[in-house]
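Each chain, written out:
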Amino acid sequence: MIETKEIKKSATGNDDIISSQLFKYDHEEVLFCQDNATGLKAIIAIHNTVLGPSLGGCRIWKYNNDQEAITDALRLSRGMTYKASVAGLNLGGGKSVIIGDAKTIKSEALMRRFGRFVNDLGGKYITAEDVGSSMRDMEYIRMETKHVTGIPESMGGSGDPSPVTAYGVLLGMKAAAHQQWGNDSLKGKKVSVQGIGNVGEHLVKHLTDEGAKVYITDINQEKLKEVAAKYKAEVVALDAIYDVDVDIYAPCALGATVNTETLKRLKCSIIAGSANNQLADEKVQGEELAKNGIIYAPDFVINSGGLINVYAELGGSYNKARAMQHADKIYDITKSILALAKTENIPTYLAANKTAEKRIEAMGKVKLNYTTNRK
C-alpha cells in the first residue's frame, strides 16, 4: 500500500518520479513527515513486511535535495528487507531519513516528534541508530514509542551495534578470502578501510589482530591520526584510497563508492565492507566485478551483524551471547552465496538477491503475525 496522499505533499514537485521509484523498488508504504515547530522533515520508507515488522535505522543527513533523500530511503529500506531475509530474521525492511545537518538540527523535541510519527505506524516500522543518530537520540524516541531498538544496555537494550557489525564484516571478508585464495587467513593481506567511524575502527582492530596491513582514510583527520597511532595503520588521502594496491577494499562510509569511475582505479581482489549500497548500480558494477574476477561480498549479507544485534532486543531481554552466536552464521551464509554465484555463473549480488527473495517468496504464502513481543 502506497500512501499517495503523502506523496503529493513532497517538496520535489515531481510526483511521477517519486511514484516510479516506489514501483521500481516495490515498496508497501512511504510516509513523509513534517513538523514546523521542531524543524523536522523526514521520510519513513517501509519496503516489505512479509517476514515481520520492518526494522531499519534513522539516518540524519544533509541531502542536496529532497529527491536524493527519497532515493536513499527507498534503496536503504529495500536493502534492509534483503538483509533480514538472508540473515534468517523474522523482520521486514524499513528505513527513515531525517533531512538536515545532524550537528545543528538535532534536539530532544525533534527526536521525540519523530518518535510520535514512528508510533503512529503501530509497530509496522521499528527504528534504530544510523549515520547521524545516536543512542541518546534513541532514548528520546523511546519516550514516545516502544518501537525503537538500539537503546542503552542500562535500559534493557543492546547498546552500540557497531562491534557486532564489524565482527560480521570480518567474517564475510574471511569467507570471501577462502573463496578467492583457498583459505580464510588475512595474515599479511593488505586491506584498505574507507571510513573509520564506530564500525570502521572496530574492523581495523580485527584486521590488525588478524595480522593484516591496514590502510585507512576518513574525513575526520583527528580520528585518522588517533586510529593510525593506535593500530599502526597507514593513513591515505580521501581520494587516493581507490588507487592503493591492496588485496581487499573495505568501504565503511556512505554508499555508491564502487562506481564506473572508481572501478577503473581499484586494485583489489575482494570488496567487503560495512557500507550499505556499495555499488552505485548493482547490475552494472556487479557484472563488471564478476567479469574482472573481483569477489564482491554483498554488503547486506556481511553487514547484518548490527541488525542481528538489535533484533536480539525484540524478545524483551537482550542476550549478547545469543546475538554473537547468530552473527557467527554470517561466515557460512556468505560462503554459500559465493558458492551459488560460482555454480550458476552469476554475479555475487544476484546470488544474494536470489537467496533473500527465495525466503520471502516462500514465507509470503502463509499469514504471519507482525506484532512484536516488546513490552
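Residues numbered from 1 in each chain as written. Predicted model: local features only at pLDDT ≥ 70, side-chain atom pairs only at ≥ 80, totals over all residues. Heavy atoms only, no water.

> Please give an account of the overall build of the protein that cites residues and values.
Summing up its helical and strand segments, the protein has 16 helices and twelve strands in all. Whereas a compact globule of 375 residues would reach a radius of gyration of roughly 21 Å, the protein reaches 20 Å, a difference of no more than 12%. For the protein, buried positions account for 56% of its 375 residues. In the protein, the proportion of contacts linking residues at least 24 apart, taken out of those at least 6 apart, comes to 67%. (Helix = DSSP H or I, 4+ residues; strand = E, 2+ residues; numbered from the N terminus. Rg over C-alpha atoms; globule rule 2.2 N^0.38 Å. Buried < 20%, exposed > 50% of the residue type's maximum accessible area, 1.4 Å probe, protein only. Contact = heavy atoms within 4.5 Å.)

> Could you give me a rundown of a nonpolar patch on the surface, with the residues and numbers involved?
Taken together, the side chains of Trp61, Val131 and Leu254 present a nonpolar region at the surface, about 210 Å² in accessible area. For Trp61, the location among the structural elements is in strand S4 (residues 58-61). (Patch = residues over 30% accessible without salt bridge, like charges linked within 9 Å, V, L, I, M, F, W, Y side chains within 5 Å. Areas by Shrake-Rupley, 256 points an atom, 1.4 Å probe, with all protein chains shown as cover. Salt bridge = Lys/Arg side-chain N within 4 Å of Asp/Glu carboxyl O.)

> How would you summarise the packing of helix H7 (residues 162-181) against helix H15 (residues 329-344) if you had to cite specific residues and measurements?
At a closest axis distance of 8 Å, the pairing of H7 and H15 adopts a crossing angle of 40°. Both H7 and H15 take part in a crossing whose hand is right-handed. Residues Gly168, Leu171, Gly172, Lys174, Ala175, Ala176, His178 and Gln179 of H7 touch H15, and the partners they reach there are Ile330, Tyr331, Thr334, Lys335, Leu338 and Lys342. Along the lines of polarity and charge, the residues of the contact of H7 with H15 split into six nonpolar, five polar and three charged. (Axes fitted to C-alpha atoms, helices over the stretch in contact; angles between N-to-C directions. Left-handed = near helix turned anticlockwise from the far one by under 90°. Nonpolar A, V, L, I, M, F, W, Y, C, P; charged D, E, K, R; others polar.)

> Break down the sheet that holds strand S9 (residues 234-235) for me, citing the residues and quoting the values.
The strand order across the open sheet built from six strands is S9-S8-S7-S10-S11-S12, with neighbouring strands paired in parallel fashion. The open sheet terminates on both sides in strands that have one partner only, identified here as S9 and strand S12 (295-296). By the bridge criterion, two bridges tie strand S8 (residues 213-217) to S9 in an arrangement that is parallel. Bridge pairing links Ile216 to Val235 in S9. Here helix H9 (residues 221-231) sits on the sheet in contact with S8 and S9, set at roughly 170° to S8. (Pairing = 2+ DSSP bridges.)

> How would you explain unusual backbone geometry if you had to name every residue and give the values?
The backbone of Asn277 shows a phi angle near 50°, a positive value even though the residue is not glycine. With respect to the helices and strands, Asn277 occurs in the loop between strand S11 (270-271) and helix H11 (282-291). Phi is positive for Asn345, which is not a glycine, with a value near 55°. Summarising the element assignment, Asn345 is placed in the loop between H15 and helix H16 (348-363).

> I'd like to hear about helix H14 (residues 320-327), residue by residue, with values.
Burial in H14 covers these residues: Ala323, His326 and Ala327. Along H14, the residues classed as buried sweep out an arc of 100° about the axis, all on the same side. For H14, exposure combined with an orientation more than 90 degrees from the buried face picks out Ala321 and Gln325. The inward-facing, buried residues of H14 abut helix H3 (66-87), H7, helix H13 (305-311) and H15. In this structure Asn319 caps H14, since a side-chain oxygen of it lies 3.0 Å from the backbone nitrogen of Ala321. (Arc of directions from axis to C-beta. Polar contact = N/O pair within 3.5 Å; in protein donor to acceptor, adjacent residues only side chain to side chain.)

> Hey, could you go over the nonpolar core for me, with residue numbers and the actual values?
Ranked by internal contacts, the top residues of the largest apolar core, which has 61 residues, are Met173, Val193, Leu203, Leu207 and Ile216. Looking at this core element by element, the count peaks at ten residues for H7. Core analysis: the second largest hydrophobic core is formed by 22 residues, Cys58, Leu110, Phe117 and Val118 among them. (Core = buried A, V, L, I, M, F, W, Y, C linked by side-chain atoms within 4.5 Å.)

> Pulling in residues and values, what's your account of the pairing of strand S1 (residues 29-35)?
The buried count for S1 comes to six of seven residues, which makes it a mostly enclosed element. When S1 meets strand S2 (residues 40-48), the two strands line up antiparallel, connected through seven bridges. Residue pairing in the sheet places Leu31 in a bridge with Ile44 of S2. What sits between S1 and S2 in their antiparallel hairpin is a turn of four residues, with Gly39 showing a positive phi close to 85°.

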